[in-house]
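Chain by chain, the residues run as shown.
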Amino acid sequence: MSELKPCPFCGEQSAYVGYTRDPFSDNRYAWVNCGKCHSSGGQFKQDVYPGDKLLNRDEMESEAIKRWNTRPIEDALNKRIAELSQAVGLITTLKPTMVMDANHPLDMVREVAEHVTARIAELEAEKCVLVDQQREAKNHLIDKNLHIDSLYEEGYKLQQRIAELEEQVWDLNLANERLESAYFADETIAPDGSLKPSVCKLMKRVEKAETDYSISEAHVTALLNRIAELEAAQRWIPVSERLPDTKIVYDKFDVIVEFENIKNGGTTRCVELMSYDYRNKSWNDDCGEYGFYPVAGVTHWRERPTLPEVE
Ligand SMILES: [Zn+2]
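Residues numbered from 1 in each chain as written. Predicted model: local features only at pLDDT ≥ 70, side-chain atom pairs only at ≥ 80, totals over all residues.

What follows covers the overall build of the protein. On a plain count of helices and strands, the protein comes out with four helices and nine strands. For the protein, the sequential pattern of α-helices and β-strands runs β-β-β-α-α-α-α-β-β-β-β-β-β. Whereas a compact globule of 311 residues would reach a radius of gyration of roughly 19 Å, the protein reaches 72 Å, over 25% beyond that. Expressed along its principal axes, the backbone C-alpha trace of the protein runs to roughly 205 × 85 × 55 Å. Looking at the protein as a whole, 6% of its 311 residues qualify as buried. Long-range pairs, those at least 24 residues apart, make up 43% of the contacts in the protein between residues at least 6 apart in sequence. (Helix = DSSP H or I, 4+ residues; strand = E, 2+ residues; numbered from the N terminus. Rg over C-alpha atoms; globule rule 2.2 N^0.38 Å. Buried ≥ 20, exposed ≤ 12 C-beta atoms within 10 Å, placed from the backbone. Contact = placed C-beta atoms within 7 Å.)

Next up, the structure:
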């Protein structure tokens, strides 16, 4: 069963549905009653004639409720209230500071219109700024596009250059392959697998160079030994280290003698030619017809170098 609307007279919610049947005529009645002021409405009567298709009680009650709930004036008023609420909502949206004054509706409309006009002027000014910005952005975009075009052109040139260089590399690779195959085909191995004469010649040269090198090495060693020998022979030997092992008292040696300088009291060193007497263990100065005189102060000695032959 549908919901019952409140009583249109007193506003009471607790209405109820009534139903009755006349036992004599068999006519049926349905209606709605207000639970407070007892007003009734929506009456629905069904007269019974033979052969009629009869509604049952539920169907009749539904019809009564439908009639009770049908309120065209109330519905029209509610619709109008909704429209006006919407209009008030719109006005407060357009001008949020608006104070509702139901006594001066035209003033309110005028005020809102002024507000809307001012807002439109504001928006138009903003639109001008935006149009300027859009124009600027468009110019910027055109510049960028031009720049991109030039980059594309440059890229195309670079690609062409790359292709050229790749071709050159390809040619160089081919030339290199040709050189390699020429080297292997002509210079190294003959078709029967033996080494080619030019290679044999080179190998002989290498062998000879290696032999020359080992000969030079032996020669250098001998020379170094000889240098060491000569250096040893040239060396001044301290008398504290060893003395000549000669048994001939006339053999002469170069010696370094240190003696006191009478004039200034210092020491003078000089090289002299002297013989060594192994029996007396003394260095002797040869004074010709006056004989040999022993000398003190010899610190070093060495063999006399061999004198060159006179031509
Ligand atoms: Zn009532």
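This part is about the domain arrangement of the protein. Accessible area lost upon the coming together of the parts serves often as the stated size of an interface. Assigned domains within the protein: domain 1 (16–70), domain 2 (103–188), domain 3 (191–234) and domain 4 (236–302). Relative to domain 2, the C-alpha centre of domain 1 lies at a distance of 82 Å. (Domains from an automatic or database assignment.)

Our focus in this paragraph is the sheet that holds strand S9 (residues 298–302). Spatially, six strands are ordered S4-S9-S5-S6-S7-S8 in an open sheet, and the strand pairing comes out antiparallel. In this open sheet, the two strands that pair with only one neighbour each are strand S4 (237–238) and strand S8 (292–295). Alignment of strand S7 (residues 282–286) against S8, held across four bridges, turns out to be antiparallel. Considered in S8, the bridge of Trp283 is made with Val295. (Pairing = 2+ DSSP bridges.)

Attention now goes to the sheet that holds strand S3 (residues 40–46). An order of S1-S2-S3 is seen for the three strands of this open sheet, with the pairing classed as antiparallel. Two strands lie at the open edges of the sheet, namely strand S1 (16–21) and S3, each paired on one side alone. Going across the sheet, the axis of each strand differs from the next one's by a mean of 15 degrees, ignoring polarity. Packing against the sheet, helix H1 (residues 57–69) makes contact with S1, strand S2 (28–33) and S3, and its axis sits at approximately 140 degrees to S3. (Axes fitted to C-alpha atoms, helices over the stretch in contact; angles between N-to-C directions.)

This next bit is on the nonpolar core. Within the largest apolar cluster, eleven residues are counted, these being Cys7, Ala15, Ala30, Trp31, Val32, Cys34, Phe44, Met60, Ala64, Ile65 and Trp68. It is H1 that provides the largest number of residues to this core, a total of four residues. If we skip the residues at most four places from it in the chain, Ala15 touches Leu4, Cys7, Val32, Asn33, Cys34 and Gly35. (Core = buried A, V, L, I, M, F, W, Y, C linked by C-beta atoms within 7 Å.)

For the protein, per-residue confidence averages 88 on the pLDDT scale, and 96% of positions sit at 70 or higher. Within the protein, S2 carries the highest mean pLDDT (95), whereas S8 carries the lowest (85). (pLDDT = per-residue confidence, 0-100.)

On to H1, then. With 13 residues, H1 extends 18 Å from end C-alpha to end C-alpha; this agrees with the ideal 18 Å at 1.5 Å per step. Every buried residue of H1 is accounted for by Met60, Glu61, Ala64, Ile65 and Trp68. Summarising the axial view, the buried residues of H1 lie within an arc of 140 degrees, below the 170-degree limit, and thus occupy one face. The outward face of H1, more than 90 degrees from its buried face, is lined by the exposed residues Glu59 and Lys66. As for H1, its buried residues are in contact with S1, S2 and S3. (Expected span 1.5 Å × (residues − 1). Arc of directions from axis to C-beta.)

Attention shifts here to the environment of Val298. Note that Val298 resides in strand S9. C-alpha of Val298 to C-alpha of Gln134: the two residues are 164 residues apart in sequence and 115 Å apart in space. Non-local contacts of Val298, meaning those with residues more than four positions away in its chain, are made with Val239, Val255, Val257, Met274 and Trp283.

Across three bridges, strand S6 (residues 267–277) lies against S7 in antiparallel orientation. Bridge pairing links Ser275 to Asn284 in S7. Two successive antiparallel strands, S6 and S7, enclose a turn made up of four residues, where Lys281 displays a positive phi of approximately 50 degrees.

A few words on the environment of Glu272. Position of Glu272 among the secondary structure elements: in strand S6. Those residues within four positions of Glu272 in sequence are excluded, and the remaining contacts are Val255 and Val257.

Not every positive phi belongs to a glycine, and His38 is a case in point at roughly 60 degrees. With respect to the element layout, His38 can be found in the loop between S2 and S3. Even without being glycine, Lys281 reaches a positive phi, approximately 50 degrees. When the 9 C-beta atoms within 10 Å are taken as the criterion, Lys281 is described as exposed.

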